[in-house]
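Geometric and topological summary
Here is what each chain is made of, one letter per residue.
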Amino acid sequence: MTRDNPVARRLEPAVRLVAIIGGWWLLGLAFLTCVEILCRKLLNVSLQGVDEIGAYTLAVFSTLSFAYALLVKSHTRVDFLLAHLPGPLRALLNATAYVLLAALAVFAAWRGWWVLEESIEFQSHANSPLGTPMWLPQGLWLVGLVAFAISATALALHAAWLMLTDWRRVNRLYGPMTIEDEVETEAGAILARGPVEEFRA
Amino acid sequence: MIGVGEAAIGFGILVALLFLGLHVATAMFLTAVLGASIYLSPALVDSLGTQLWASMEDYVLLSIPLYILLGEILVRSGSTDRLYRSLADWLNILPGGLLHTNIAASAIFSAVSGSSVATAATVATVALPSFRTRKYDERLVLGSIAAGASLGNLIPPGIALIVYGAMTNTSVGQLYAAAVVPGIVMTVLFMATIILMGLLKPDWIRQQEAQDRLAVRLRRLVDILPPLVIFAIIMGSIYSGWATVTESAALACVAALPIAALYGRLSIAMLHDCFIATATLTAMSLLILAVAFYLNFVLGLLGVTPALGAFVTGIGATPLGLILALTVFYLLLGIFFETLPMLVGTVPVVFPVIMAAGIDPVWFGVFIVLMCEISLISPPVGMTLYVIQAVRKEGTIAQVFEGTIPFFLAMVVMTALLIAFPQMATWLPKLTYG
Amino acid sequence: QQIPLRAVGHFSQNTKQIEIERAFYGRLPQATGMNLAVSFNPMDQIGVQAADALRHLRSGAFDVMAVLVGQVARDEPFFDGLDLIGVSTNVEDLQKAVEAGREAFDKRLQERFNARVMALWPFGPQYFFCNSPVRSVADLRGLKVRSYTPSMTALVQHFGAIPVTLQFSEVYPSLQRGLVTCGITSAVSAYAGNWGEVTTHVLPLSVAGGIQGHFMSNAAWRRFTPEQQAKLTAAFRELETELWTFARVSDAQSLACLAGKPDCTERKFTNTVSAVPPEDDARVREAVSSVVLPTFRDSCNRVWADCAAVWNRTVGAARGYTIP
Ligand code: NA
Ligand code: NA
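For the structure given in this document, a descriptive report is provided here. All values derive from a computational prediction rather than experimental measurement. (Residues numbered from 1 in each chain as written. Chains lettered and ligands numbered in written order. Predicted model: local features only at pLDDT ≥ 70, side-chain atom pairs only at ≥ 80, totals over all residues. Heavy atoms only, no water.)

Overview of the sheet that holds strand 10 (residues 211–217) of chain C
Residue and element names in this part refer to chain C. Spatial strand order, 2-1-3-10-4: five strands in an open sheet with mixed pairing. Looking along the sheet, the strands with just one partner apiece sit at the ends: strand 2 (36–42) and strand 4 (115–122). The average undirected angle you get between the axes of adjacent strands in this sheet is 20°. Pairing of strand 4 with strand 10 involves seven bridges; the strand directions are antiparallel. Counted as the bridge partner of L120 is G213 from strand 10. Contacts from helix 1 (residues 15–32) reach strand 1 (3–9), strand 2, strand 3 (64–68), strand 4 and strand 10, with the element oriented near 175° to strand 2. (Pairing = 2+ DSSP bridges. Helix = DSSP H or I, 4+ residues; strand = E, 2+ residues; numbered from the N terminus. Axes fitted to C-alpha atoms, helices over the stretch in contact; angles between N-to-C directions. Contact = heavy atoms within 4.5 Å.)

Side note on the packing of helix 6 (residues 79–91) of chain B against helix 7 (residues 98–110) of chain B
Residue and element names in this part refer to chain B. Taken N-terminus to C-terminus, the directions of helix 6 and helix 7 make an angle of 135°; their axes are 9 Å apart at the nearest point. It follows from the interaxial angle that helix 6 and helix 7 lie oblique. Note that helix 6 runs across helix 7; the crossing there is right-handed. Contacts between helix 6 and helix 7 involve T80, L83, Y84, L87, A88 and L91 from the former and L98, H100, T101, N102, A104, A105, I108 and F109 from the latter. For the contact of helix 6 with helix 7, a count of residues per class yields ten nonpolar, four polar and no charged. (Parallel < 35°, antiparallel > 145°, perpendicular 65-115°, else oblique. Left-handed = near helix turned anticlockwise from the far one by under 90°. Nonpolar A, V, L, I, M, F, W, Y, C, P; charged D, E, K, R; others polar.)

Structural notes on the pattern of salt bridges
Here the structure, examined in full by the defined rule, presents 23 salt bridges over all chains. Of the charged contacts, one joins R27 of chain C and E242 of chain C as a salt bridge, the two residues approaching to 3.3 Å between their closest N and O atoms. With a gap of 215 residues between them, R27 of chain C in helix 1 and E242 of chain C in helix 9 (residues 226–259) connect regions that are remote in the sequence. With a shortest N-O distance of 3.3 Å, D75 of chain C and R74 of chain C are connected by a salt bridge. Each of the two residues, D75 of chain C as well as R74 of chain C, counts as buried. Residues participating in the shared-partner salt-bridge network are E118 and E121 of chain A together with D52, R55, R58, R74 and D75 of chain C. (Salt bridge = Lys/Arg side-chain N within 4 Å of Asp/Glu carboxyl O. Buried < 20%, exposed > 50% of the residue type's maximum accessible area, 1.4 Å probe, protein only.)

Quick word on the environment of S119 of chain A
Considering the arrangement of structural elements, one finds S119 of chain A in helix 3 (residues 87–122). S119 of chain A sits in the buried class, given a relative accessible area of 2%. Sequence spacing of S119 of chain A and A69 of chain A is 50 residues, and the spatial spacing of their C-alpha atoms is 28 Å. For S119 of chain A, the residues in contact, after removing those within four places along its chain, are S124, M134, W135 and Q138 of chain A together with R55 of chain C. Only 2.5 Å separates the side chain of S119 of chain A from the side chain of Q138 of chain A, close enough to count as a polar contact. (Polar contact = N/O pair within 3.5 Å; in protein donor to acceptor, adjacent residues only side chain to side chain.)

Considering the interface of chain C and chain A
Every contact between the two is made by 27 residues of chain C and, on the other side, 21 residues of chain A. For the pair chain C and chain A, the summed buried surface comes to about 2,200 Å²; carbon and sulfur atoms form 44% of the total. The largest per-residue losses of area from chain C upon contact with chain A belong to R55, R74 and T165 of chain C, which jointly make up 29% of the total buried on that side. Our count for the contact surface shared by chain C and chain A stands at three salt bridges. For the salt bridge of E118 of chain A with R58 of chain C, the shortest nitrogen-to-oxygen distance reads 2.7 Å. Where chain C meets chain A, there are nine residue pairs in polar contact (both at pLDDT 80 or more). At the level of secondary structure, the elements contributing two or more residues to the side of chain C that touches chain A comprise helix 2 (53–59), helix 4 (91–113), helix 5 (150–158), strand 7 (162–164) and helix 10 (279–303) of chain C. Among the residues forming the side of chain C that touches chain A, the class breakdown is ten nonpolar, nine polar and eight charged. (Buried area = accessible area lost by both parts, 1.4 Å probe.)

None of the figures reported here should be taken as evidence of function without further support.
See the structure below:
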């Protein structure tokens, strides 16, 4: 999608960078977990709170990745019936799907802001040994939701505009992931490199 | 509080929205909002933020991105390819030769990967070129790869098991223990299917595989080690008390890095590719999952659970009748749906009914994951099938569909065995958890 | 006309408390003579996080909630003060502390969260459950103990033990496989969670009472006339009494069953339940003054400057402690 879609193409670099930063964080947390396991077992000390950081990590890593998955059309749709519908109707449904997803994304970001605002108002600190100030993980989590909302809104506006001007492009740019796209996302790297060595038993 | 009729209408709306091609998350969200605003209060629609944070801030679910990352690192390190070659050295002796390697390689790769699709892509990429020059029936080749891939979620670790555990408050450790024996039995059943097909259609698997010299084969045996080491780290750290389930996934990720380095594949670019793939798959799963938890929240408040429970008790369904009905339901659903939508869309409704009927939640976890795996290879909607076709780049998808038929039947037999002998799933958890 | 009342209950694993709650809400319309339409769900069954209870009351999502006070201290640290680790080491002392703190607690709840206290009750005394011979807090030195709050960590560390954080569901397997040596929980939870299978020794020194509450949002409260409110108050008071009594009885029963005593009528285990040595009392007192109270003061005064002063006047006065 990012290749053909002008909106997605503009958003991609920033969104991709965020996803990569999330990946380094995830790997960093994996290392931290190993340190915790070894410390606990061999040195009899616990860092205390790696599980808590891990829980925040899932929330933050996921929302930070929402926007990227959106740009590469990975958010799942059931396209079974859609494929059998006439073009204009399909375009209308495709555009509607993006408008409604944007509505969900914006609403989630707005309600997410509410969560953060309450944490700031109450000066909430996790009642755990780590005592994390809640605005910290929730703020990062909200960044992901907001990025998702912005990307989804941009795509929805674009899809709606195309619906009025050139509905055929809606189906091209906002149709469900084709099988090729899907395979590309889920197994692209494996397919691209081929087998490591030609196999001859 | 709503009745069974209204619940059925709600489910109908959800399915209709899904078929109209909305994103799965949107369809579930709209259904939840509709229920909350008609029967409850706007304040509950507003609590979406709180509920999203509550469901996403979860340490057990963190194992999902960690297992995805682990699978990505291993696949990109090339260790799977080498595993396949080494297994072929030894399994060629069996009637059906290389076909068994497809199953065995998938089974072992499943033991370190939580994803069926990654398993299918990897094994297909490695295996298909070598089959071009051999005299096997092509459909059977494709079917065996698809079947092998469906072990991905059943043999622990598996993402479907983690999701089920998180949604139902079932111990993931126990689910892993429960899935081991069914995973092995399933592997054996697949291999038996190949042998049976060989007996029925001798000209489908005429190939006699040549054997490399013993010294060469022994030397290559070392390539079996990396996946086994990773598997040993995951299961060993959990059951020896070194680590919790999520911690073991982190441990395995870190242990996979030196393996990639050993095969000369570790680089920043490679890691970034891994991160991007992990981010995409995690986002895809977690958006659906988080909204599913919200839908679950609304359904709970609407009293759907007791309504369904009373309904099922009312029609006097026995546990066996219930499970058989669910089997048919899931086989039908599996035609159209993928693993995750099927799992998160049905568990909130089905699980309380299961509990009310006195069915073991751990056993049911294995059952439902088996159902999900069947959905992966039941056409026309089945991701693994298309992945295999994409690797193959020739012939038609219909040939892939045909090839899966014997293995699909084997999975139905497996389902029957699991229902007839529930001990298959309950024995090991009892042994390890007392 | 029906008055809707959306109630959230305790965790469904706490089957006995859920039973009591369910029965209570079932008879509430009759007891108050009101045409109430109560919807009741255990919090885990609808995926509501215990720590979010105050927010759900404030937003109007729910009318009445069972509240785990230790968890919601995330949003209001003063609430932890009712049942600070080590301050009340038996149920009688705890009851005194709760009575002394109730009014200040309710005031703070109304001001900040627009909700009110209907009932305050203990889940049950929290003891040390270990898989090694622990007969006194002195034996904890060098052992790994599962801790889940800042003041618990402070206390455990003070006794020379190593605090480890784990999710509750992970504690059983972790005790079994030696990832931790001790867990702190109520006898009821330990018994219900079959901890008896994986522990050998119980040190029945109550470091906390596991204070819980039933809170009602003021928005819901105002739907009732003063007479109706009085009836509700009385009904919840009755529930409170019932839960205090239940905490006492179930604690004794669970301990008896964990120890495999003949008066246990249900499943028996063979744990050694030690007598708490008298010196432990002084050790706990010392730990409370030197680490628990300062930890509490720092986190609480940060949010509310009067916190320590109010605590000293109420709970502190009742239990003979003063935060410096
Ligand atoms: Na697996
Ligand atoms: Na399918």
